[in-house]
Each structure stands twice: as structure tokens, then as C-alpha cells.
Amino acid sequence: MLFAHDTECSLIAATALVNTDGRDGDTLPDVAALDAFYVTHSYTGRHEHTEAELRAVRALRPRLRRIWYADIHEIVSIVNGLLREHRALPQLITHDDEPYHLHAAPRDAPLATRIAVEAGMAIADVVRGGELRRLRTCDHPDCDNVLVDLSKNRSRRFCDAGCGNRAAVSAYRARKAAARP
């Protein structure tokens, strides 16, 4: 494990949230999609199931996406802004049979606040660990998704949207075409 479990989960969730707004449109179109996101990424605590909550979560996406394109100074500014704005107060917590991990917003804080703070704390760990090169964009030319490379050798090139498979199929077809007489 490269980072603490809660950090990795938060990085994966932040990446997934950013990727809900891409070239293929908005994949977080309604409250039901937010409910599924909440469950998929194992969020706990307050969840209002409202349009207002959905708008607040969607509003985080551009700010978080910027992290993947910014230099270290801008990333630190974004992270510090998120943590300051949401009054983050890191504490060790255990719940739901999980080991101790950091929460920096109370469980009854709005979902968008918890997502923002958890993403900020996770990116802070990436910055502190000197691992910003693990925040990448997908190598597929038709994709604008972001990814977090949690592989040991920093070799991940494609997002989770099937781009690796598409690239492999394209390469295979190009090899087959080149081998034809």
C-alpha cells in the first residue's frame, strides 16, 4: 500500500468525481447517480438525497480537476483553500468496523464538505510524499479523464473507462494491418 487506506479511497473517489464531468457528458446527472456514487465510494454520514446536495457536489468538480493540471504551488493553494473553507479539523476516528483513520469534517457535515475535505487531505498526503507524478491524465487521445496511479512502479497510463482496452485493440489492429502483404 503506497498511502494509508483512507487516503487511497479518497484519491479514488476524487478521481471518480472529476471524471463524472467529461467529454461524454455528465455522468452525475441526478440525485440517483449521486446516491450510487455515495454507495460505490463507501461514504458514511449525512446524505440528504437532494438537488441542492447534488449541485454542491458537482460544483467541486472543476476545482478538483484543476489539481491534475496545476503546478505544486497552485495545488497547495487549492488544497489549503479547501481545508480552510470547510474548517477541516483532522481527528482519528473508527466506525463501521474500520480501523482508525482520519476524518477532518464531522459525519453530519454536508456531503460536499466531506468530499472536499477528504480530497484535500488525500492530495495533501500526495504532496507531502512527493508523489504528484501519480496524478495523471489518461493517455488515450480521445479521453480527458484523470487518474491516480497507485501502482508500485508508477506505470498506469489509462483511466478506468476502458481506454486501456481500446488502446490495446487499436495497437493489435495496427499490427495486423501492417503484417498483411
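Residues numbered from 1 in each chain as written. Predicted model: local features only at pLDDT ≥ 70, side-chain atom pairs only at ≥ 80, totals over all residues. Heavy atoms only, no water.

Undergrad: Help me get a handle on the pattern of salt bridges, residues and values and all.
TA: Inspection of the entire model under this criterion finds eleven salt bridges. The closest approach of N and O atoms between Arg136 and Asp149, which form a salt bridge, is 2.7 Å. Highlighted residues: Arg136 in strand S5 (residues 135–137) and Asp149 in the loop between strand S6 (146–148) and helix H6 (163–179), separated in sequence by 13 residues. (Salt bridge = Lys/Arg side-chain N within 4 Å of Asp/Glu carboxyl O. Helix = DSSP H or I, 4+ residues; strand = E, 2+ residues; numbered from the N terminus.)

Undergrad: Describe the packing of helix H3 (residues 51–67) against helix H4 (residues 72–85), and please don't skip the residues or the numbers.
TA: It is at 9 Å that the axes of H3 and H4 come closest, and there the two elements cross at 145°. Residues Leu60, Arg63, Leu64, Arg66 and Ile67 of H3 lie in contact with H4, whose contacting residues are Glu74, Ile75, Ile78, Gly81, Leu82 and Glu85. (Axes fitted to C-alpha atoms, helices over the stretch in contact; angles between N-to-C directions. Contact = heavy atoms within 4.5 Å.)

Undergrad: Please provide a residue-by-residue account of the layout of surface pockets, values included.
TA: By volume, the largest pocket amounts to about 620 Å³. Lining the largest pocket are 29 residues, with Asp6, Cys9, Ser10, His101 and Glu118 positioned closest to its centre. When residues of the lining of the largest pocket are traced back to their parent elements, those giving at least two are helix H1 (5–18), strand S4 (101–103) and helix H5 (111–128). Among the elements that take part in the lining of the largest pocket, H1 stands out by supplying seven residues, more than any other. Split into classes, the residues belonging to the lining of the largest pocket amount to twelve nonpolar, ten polar and seven charged. The volume enclosed by the second largest pocket comes to roughly 320 Å³. Taken together, 20 residues line the second largest pocket, and the ones lying closest to its centre are Thr15, Ala16, Asn19, His41 and Asp160. Elements supplying a minimum of two residues to the lining of the second largest pocket: H1, helix H2 (31–40) and S6. Ranked by residues supplied to the lining of the second largest pocket, first place goes to H2 with four residues. Taken together, the residues of the lining of the second largest pocket break down into eleven nonpolar, seven polar and two charged. (1 Å grid on protein atoms, 1.4 Å probe; cavity = no way out; pocket = protein on both sides within 12 Å on 5 of 7 lines; lining within 4 Å. Points joined across faces, edges and corners; volume = space filled by probe spheres on them. Nonpolar A, V, L, I, M, F, W, Y, C, P; charged D, E, K, R; others polar.)

Undergrad: If you had to explain the packing of H1 against H5 to someone new, which residues and values would you point to?
TA: Between H1 and H5, whose axes approach to 8 Å, the crossing angle comes to 115°. Read as a crossing pair, H1 and H5 show a hand that is left-handed. Facing H1, whose interface residues are Thr7, Ser10, Leu11, Ala14 and Leu17, H5 presents Ile115, Glu118, Ala119, Ala122, Ile123, Asp125 and Val126. Counted by class, the contact of H1 with H5 contains eight nonpolar, two polar and two charged residues. (Left-handed = near helix turned anticlockwise from the far one by under 90°.)

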